[in-house]
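# Per-entry structural report
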Amino acid sequence: MYAGEDTVIMKNACIVLRNCKDSVCAIGFGRVTDAFLAGGYCFSEIRLLPSDDEAAFADAVSGFRAETENLAVIVGKDSLAEIGNLLAGLMKSPFSQRTLSGAGIFSDGEFSLFLLAAEAGESGAEYVRGVCLPFLERKYGLRYDRMVLRAVGVDAETVKNLLAAARRMSGERLTYNYRRKYAEDVLEIVYDSSVPKMLTDDVLRLLTEGLGDCVYALDDTPLEKRLVQLLKLRGKKISVAESFTGGGLARRIVSVPGASEVYFEGLNTYDELAKRKRLGVSEYTLRTVGAVSDETAYEMASGLIATGDCDISVATTGLAGPKSDRTELPVGLCYIAVGLREKVYVYRYRFDGSREDITETAINYALFLAYRQLRNL
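Just so we're clear, the structure is a prediction, and the values are computed from it rather than from any experiment. (Residues numbered from 1 in each chain as written. Predicted model: local features only at pLDDT ≥ 70, side-chain atom pairs only at ≥ 80, totals over all residues. Heavy atoms only, no water.)

## Quick notes on the pattern of salt bridges
Across all of its chains, the model carries 19 salt bridges by this definition. We note a salt bridge from Arg 375 to Asp 213, for which the minimum N-O separation is 2.6 Å. Highlighted residues: Arg 375 in helix H12 (residues 355-375) and Asp 213 in the loop between helix H6 (197-211) and strand E9 (215-217), separated in sequence by 162 residues. You can call Arg 375 partly exposed: its relative accessible area is 24%. Notably, a salt bridge pairs Glu 224 with Arg 252, separated by 2.9 Å at the nearest N-O pair. Note that Glu 224 is positioned in helix H7 (residues 223-234) and Arg 252 in helix H8 (residues 248-254), a separation of 28 residues in sequence. Here Glu 224 and Arg 252 have matching classes, each one buried. (Salt bridge = Lys/Arg side-chain N within 4 Å of Asp/Glu carboxyl O. Helix = DSSP H or I, 4+ residues; strand = E, 2+ residues; numbered from the N terminus. Buried < 20%, exposed > 50% of the residue type's maximum accessible area, 1.4 Å probe, protein only.)

## A look at the confidence of the model for the chain
In the predicted model, the chain carries a mean pLDDT of 91, and the fraction of residues at 70 or more is 93%. Below pLDDT 50 for its whole length, residues 1-9 participates in 21 contacts with residues either more than four positions away or in separate chains. (pLDDT = per-residue confidence, 0-100. Contact = heavy atoms within 4.5 Å.)

## Here we look at the side chain of Lys 275
Position of Lys 275 relative to the elements: it lies in helix H9 (residues 272-279). Notably, Lys 275 is buried but unbridged: the nearest opposite-charge side chain belongs to Glu 272, and the N-O separation is 6.8 Å. When sequence neighbours within four positions are dropped, the list of residues in contact with Lys 275 reads Ser 243, Thr 269, Tyr 270, Gly 280, Val 281, Leu 286, Ala 291, Thr 296, Met 300 and Thr 317. (Lys, Arg positive; Asp, Glu negative; His and termini not counted.)

## Quick word on the packing of aromatic side chains
A ring pair, where both rings are aromatic, is described by two values, the distance of the centres and the angle of the planes. With the rule as written, the count across this model stands at 9 aromatic pairs. Between the aromatic rings of Phe 351 and Tyr 365, the centroid separation amounts to 5.0 Å while the plane-to-plane angle is 40 degrees, which identifies the pairing as tilted. One end of the pair, Phe 351, is in the loop between strand E14 (344-350) and H12; the other, Tyr 365, is in helix H12, and 14 residues separate them in sequence. Summarising the burial analysis for this pair, Phe 351 and Tyr 365 share the class buried. Site record: aromatic cluster; members linked through ring pairs are Phe 36, Phe 43, Phe 114 and Phe 135. (Phe/Tyr/Trp six-rings, centres within 6.5 Å; stacked < 30°, edge-to-face > 60°.)

## Comments concerning the sheet that holds E14
With respect to topology, 5 strands assemble into an open sheet ordered E11-E10-E12-E13-E14, the strand pairing being mixed. At either margin of the open sheet sits one strand with a lone partner, and together these are strand E11 (263-268) and E14. On average, each strand axis in the sheet is inclined to that of its neighbour by 10 degrees, with strand direction left out of account. In this sheet, E14 lies alongside strand E13 (residues 333-340) in antiparallel orientation, the contact comprising 7 bridges. Counted as the bridge partner of Ile 336 is Tyr 347 from E14. (Pairing = 2+ DSSP bridges. Axes fitted to C-alpha atoms, helices over the stretch in contact; angles between N-to-C directions.)

## A short note on the sheet that holds strand E8 (residues 184-192)
Overall, antiparallel pairing links the 4 strands, which are arranged E7-E8-E6-E9 in an open sheet. Every interior strand has two partners, whereas the edge strands, strand E7 (175-181) and E9, have only one. Across the sheet, the axes of successive neighbouring strands diverge by a mean angle of 25 degrees, strand direction being ignored. Two elements, strand E6 (residues 144-152) and E9, share 2 bridges in a ladder whose sense is antiparallel. Among the inter-strand pairings, Arg 150 is bridged to a residue of E9, identified as Ala 217. Helix H5 (residues 156-170) rests against E7 and E8 of the sheet, and its axis sits at about 175 degrees to E7. Contacts from H6 reach E6, E7, E8 and E9 within the one sheet, and its direction differs from that of E6 by about 5 degrees.

## Overview of the environment of Ser 293
For Ser 293, the position within the fold is in the loop between helix H10 (283-288) and helix H11 (294-306). Residue Ser 293 is classed as buried on the basis of its relative accessible area of 4%. Between the C-alpha atom of Ser 293 and that of Cys 334, which follows or precedes it by 41 residues, the distance is 7.7 Å. Excluding anything up to four places from it in sequence, Ser 293 contacts Thr 317 and Tyr 335. Separated by 3.0 Å, the side chains of Ser 293 and Thr 296 make a polar contact. (Polar contact = N/O pair within 3.5 Å; in protein donor to acceptor, adjacent residues only side chain to side chain.)

## Some remarks on the nonpolar core
Residues Leu 227, Ile 238, Leu 249, Ile 253, Ile 312, Val 314 and Tyr 349 are the most contacted members of the largest nonpolar core, which totals 40 residues. For this core, the elements supplying multiple residues, two or more each, are E9, H7, strand E10 (238-242), H8, strand E12 (312-318), E13, E14 and H12. Counting residues per element, this core draws most heavily on H12, at 11 residues. When neighbours within four sequence positions are excluded, Leu 249 is seen to be in contact with Val 240, Glu 242, Val 314, Thr 316, Ile 363, Ala 366 and Leu 367. By size, the runner-up hydrophobic cluster in this structure holds 25 residues, among which are Phe 29, Ile 74, Ala 125 and Val 128. (Core = buried A, V, L, I, M, F, W, Y, C linked by side-chain atoms within 4.5 Å.)

## Re the environment of Arg 375
Sequence spacing of Arg 375 and Asp 59 is 316 residues, and the spatial spacing of their C-alpha atoms is 56 Å. Among residues more than four places away in sequence, those in contact with Arg 375 are Asp 213, Val 215, Tyr 216, Leu 230 and Arg 234. Side-chain polar atoms of Arg 375 contact the side chain of Asp 213, separated by 2.6 Å.

Laid out in structure tokens, this is it:
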């Protein structure tokens with residue numbers, strides 16, 4: 001990656017040792033590599049090697065030592081001590097900053113090797129942030145900062161064009177990490193201490209203006225946490241009524257520590273009778289326009305508000321698939337209602353993808369719409 005206009009490319013690589021009988025997804029090294037990435041250090045190569053082949057591992061370490069400046073070695077927690085001793089022999093020098101768990105750093109001045117645990121959960125990423133990144137900052141005399149924008153509901157082509165414009169503006173002085181999942185966009189801009197503040201401000205302005213009202217955070221705060229924070233700030237309570245999202249919306253809200261201060265209740269009214277008995281949705285509405293309709297979503301949200309127990313309500317109803325029901329409505333059709341004491345807003349969407357894609361996208365939209373309405377109060 002580029003550290004600035006006048007510096008050389010810093011080459012970083014990673015070796016992941018794994019039991020070949022286990023799924024690659026089960027290794028759990030993503031948090032560790034993401035922590036390096038967030039700190040400004042991306043890996044030009046990540047190599048998976050069998051944990052029981054010492055010769056292949058030794059050859060890989062030797063090759064990377066000759067070709068790169070920094071190498072991360074990620075292993076299972078139980079193998080840290082064993083691999084650490086093996087590496088100490090290969091490096092012909094003991095590790096410095098070795099922890100009791102076995103993680104550590106080896107450096108001969110030019111080449112640095114970081115030994116880290118894969119399945120240590122957040123602790124592996126914390127070691128990267130607390131020890132490895134400060135070490136690299138001292139090594140290169142550069143400190144990396146980052147900006148994060150999070151948004152929901154932006155057209156993918158719009159984001160693509162915005163990123164292209166930002167890259168043209170910044171050249172190679174800024175690094176852009178972008179991910180999109182379930183209609184939520186997370187844009188991370190990483191830059192070193194030599195980059196002028198005017199440039200980062202201009203890039204941030206370009207992106208925020210382009211994303212517009214779809215932006216919900218200018219930091220790395222998840223959507224559900226942002227909603228809970230705003231509910232606390234406004235002194236409001238929220239209730240949710242779900243049909244096709246099956247409790248997923250409630251699960252996201254209560255995953256936030258302290259949500260009990262603002263979350264009153266969640267109803268999973270999957271059956272039509274449940275909608276009638278728990279929320280007061282009229283039988284006439286269900287018979288004439290059906291459960292997946294503007295009117296039903298409206299009555300679900302207004303039924304929660306009518307109890308007087310909450311200040312804002314959210315309701316979801318739709319068809320997640322994989323097939324339509326007797327109504328023959330299209331799969332992916334959904335209605336999301338956000339109720340306030342003064343008014344209920346209903347939104348119609350048609351989402352594509354698998355059953356999971358549709359429900360998780362609807363949950364993101366429901367959280368975002370509630371946040372946006374609350375923000376505008």
